[in-house]
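# Descriptive analysis of the structure
Chain by chain, the residues:
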Amino acid sequence: MRRRSFLHYLAGGALAAFATRLRAKIAPGTRYDVIIVGAGTAGLPAAIVAAERGARVLLLEAAPAVGGTLFLSTGQMSAAGTRLQRSKGIEDSPQQHYDDVMRISRNTADPVLVRLAVNEAAATFDWLMDLGLKPLPEHPILGAAHEPYSVARYAWGANGGRDILGVLTAPLAAQVAAGRIDLALDTSVTALLTDRDGAVSGVRVKSADRETIHRGRSTVLTCGGYAANAQLFEALSGYRHYGDMAYGYSKGAGIELALAVGGYVRGRENYLCNFGSILVNDLYPAKILGRFNTVPQDRPPWEIYVNVDGKRFICEDEPSVDRREHALLAQPDLRCWIIFDEAILAGAPPGVRNWSRDDIREAFATQMMFTRADSIAKLADACGIDRDGLLATVAGYNEGVRRGRDALGRKHLPRPIVQPPFYAIRHQGHSVTSTVGVAVDGQLRVIRPGGAPIRNLYAAGELLGAGQTMGNAFVGGMMVTPALSFGRYLGRQLPLAAMNA
């Protein structure tokens, strides 16, 4: 990502100016209590809390500004036992939160990390509110975009992750001004330094074509995932990186650093895609053009969804988003086509979110993921769908509409697909997060394959992988909140007593 493009993420330029003011000169030979690699969702709270304890902190960031994925994140958090909940008469507990996460993930999330995350979440959320975070007035809620919680504990601000970043800037600036945090932007860590026993003792960094070495008692990797590295994404996740929605600096640098000193990664088996987007083209990863509303609670379906064999693979009004996502995961290339006819296009509520009916009609003349044909057979051929399969599927669906009894159990059967022209929209499943992550223990120490910790090396944030805190499900708030909470946890727990004493 170019520097100019990156700075366009910054609201009104205010955060860009803030980042510029925070540039600090690092004195040669300084030894630190804590070196933090990555000034994002986990790294910022780790640096702030450690510095407030009196630690001497070096905060390194490869980008030209602090914030990381908070610039792009929806900022959705989940926490049990918060003051906000109590103010609205909501009774909740970390145990209930834990039970929900494990239920939704079908026990595929890491129980040790989930336990730590839910135990720390309320204090983290309350801390952010003390700093000025303002959740939406109706929050907390149960959630709808993901499987709902059993208790309303899901909340975020009007500006998503930027609201979180906004309240962290003042305490960060205060600690930089006090000389407890040295902040280096546009600075990449090229290697971790180790002693003869394999303990991490510092970092080698590159900034402005110059390499320097910094020593520290503890090193924390909070430099994000790999969702902006298509080659690494496919190698680790096992699927192509279809949708381009990643933060540009999420290249997998932390994974490379951890592996180089004996760590390992885990979570590949937990890869999950969402139920899809409409991409601008098939030059993957591709930008997102739009999304069809496949949430039956918002818009009951008029269309059918078919795979490349022309077969329906899910009841279109299935209420569980998790079941819909796993059904798409099982389809070739994580792909489906949304099939309908002229009568549905003319009479149903527009299916593409935030598009008018005229917008949709225009797309069939201009966009490659939108296909129109005078017959079902021609539509199948134009889309690359099995012709006989699609003909049989549409005929079977129409018969179900006529009889009022669908073969897959669908309840909403407004009309058959019979009136030409016929339409197909290609919907592509993809993931916006990094599923695989660096393995850590219950103290967030990076561990070797046998389970032994690598001394003085810790990790937090998306670098741990969505597969550890969410398992093979999308569990609301279980990416942002654990990142923030684990950062605060490390800021509180890491040993001090500066090495330059």
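Residues numbered from 1 in each chain as written. Predicted model: local features only at pLDDT ≥ 70, side-chain atom pairs only at ≥ 80, totals over all residues. Heavy atoms only, no water.

### What to know about the overall build of the protein chain
For the protein chain, the helix and strand inventory stands at 16 helices and 18 strands. Taking 501 residues into account, the globule formula puts the C-alpha radius of gyration at 23 Å, and the protein chain, at 25 Å, falls close to it. Dimensions along the principal axes, computed over C-alpha positions, put the protein chain at roughly 80 × 55 × 50 Å. When burial is assessed residue by residue, the protein chain has 58% of its 501 residues classed as buried. Within the protein chain, residue pairs in contact and separated by at least 24 positions form 72% of the contacts whose partners lie at least 6 positions apart. Taken as a whole, the protein chain presents about 20000 Å² of accessible surface, with 49% of it coming from carbon and sulfur. Seen as two clouds, the 55 positive and the 47 negative side-chain charges of the protein chain have centres 5 Å apart. (Helix = DSSP H or I, 4+ residues; strand = E, 2+ residues; numbered from the N terminus. Rg over C-alpha atoms; globule rule 2.2 N^0.38 Å. Buried < 20%, exposed > 50% of the residue type's maximum accessible area, 1.4 Å probe, protein only. Contact = heavy atoms within 4.5 Å. Areas by Shrake-Rupley, 256 points an atom, 1.4 Å probe, with all protein chains shown as cover. Lys, Arg positive; Asp, Glu negative; His and termini not counted. Charge placed at Lys NZ, Arg CZ, Asp CG, Glu CD.)

### Thoughts on the sheet that holds strand β12 (residues 304-306)
Read from one edge to the other, the open sheet built from four strands follows the order β12-β13-β15-β14, with strand pairing classed as antiparallel. This sheet does not close on itself; its edge strands, each paired only once, are β12 and β14 (370-373). Between one strand axis and the next, the sheet turns through 25° on average, direction left out of account. Bridge count between β14 and strand β15 (residues 422-428): four bridges; the pairing is antiparallel. Across the sheet, residue Arg372 finds its bridge partner in β15, namely Tyr423. Across the sheet, helix α12 (residues 357-366) lies against β13 (335-341), β14 and β15, angled at about 85° from β14, the strand it touches most. Packing of helix α13 (residues 376-383) onto the sheet brings it into contact with β13, β14 and β15, and relative to β14 it is tilted by some 145°. (Pairing = 2+ DSSP bridges. Axes fitted to C-alpha atoms, helices over the stretch in contact; angles between N-to-C directions.)

### Brief notes about the pattern of salt bridges
Counted by the stated rule, this structure contains 21 salt bridges. Note that Arg106 is salt-bridged to Asp322, the shortest N-O span being 2.5 Å. You can see Arg106 sitting in the loop between α5 (94-104) and α6 (111-130) and its partner Asp322 sitting in helix α10 (residues 321-329), a full 216 residues away along the chain. Overall, the relative accessible area of 7% leaves Asp322 in the buried class. Between Glu303 and Arg299 there is a salt bridge, and its shortest N-O distance comes to 2.8 Å. A single burial state applies to Glu303 and to Arg299, both of which are buried. Among the charged side chains, a salt-bridge network with shared partners connects Asp92, Asp100, Arg103 and Arg153. (Salt bridge = Lys/Arg side-chain N within 4 Å of Asp/Glu carboxyl O.)

### Some words on the pairing of β15
Residues in a regular strand project their side chains so that they alternate between the two faces of the sheet. Among the seven residues that make up β15, seven are buried, leaving the element largely enclosed by the rest of the structure. Direction of pairing for β13 relative to β15: antiparallel, over a ladder of seven bridges. Its bridge partner lying in β15, Cys336 is registered against His427.

### Looking at α12
Along α12, the residues that are buried comprise Ile360, Ala363 and Phe364. Along the long axis of α12, the arc covered by the buried residues comes to 100°, so they all point the same way. Set apart from the buried face of α12 by more than 90 degrees, the exposed residues are Asp358, Glu362, Ala365 and Thr366. Check the buried side of α12 and you find it contacts β13, α11 (342-347), β14 and β15. (Arc of directions from axis to C-beta.)

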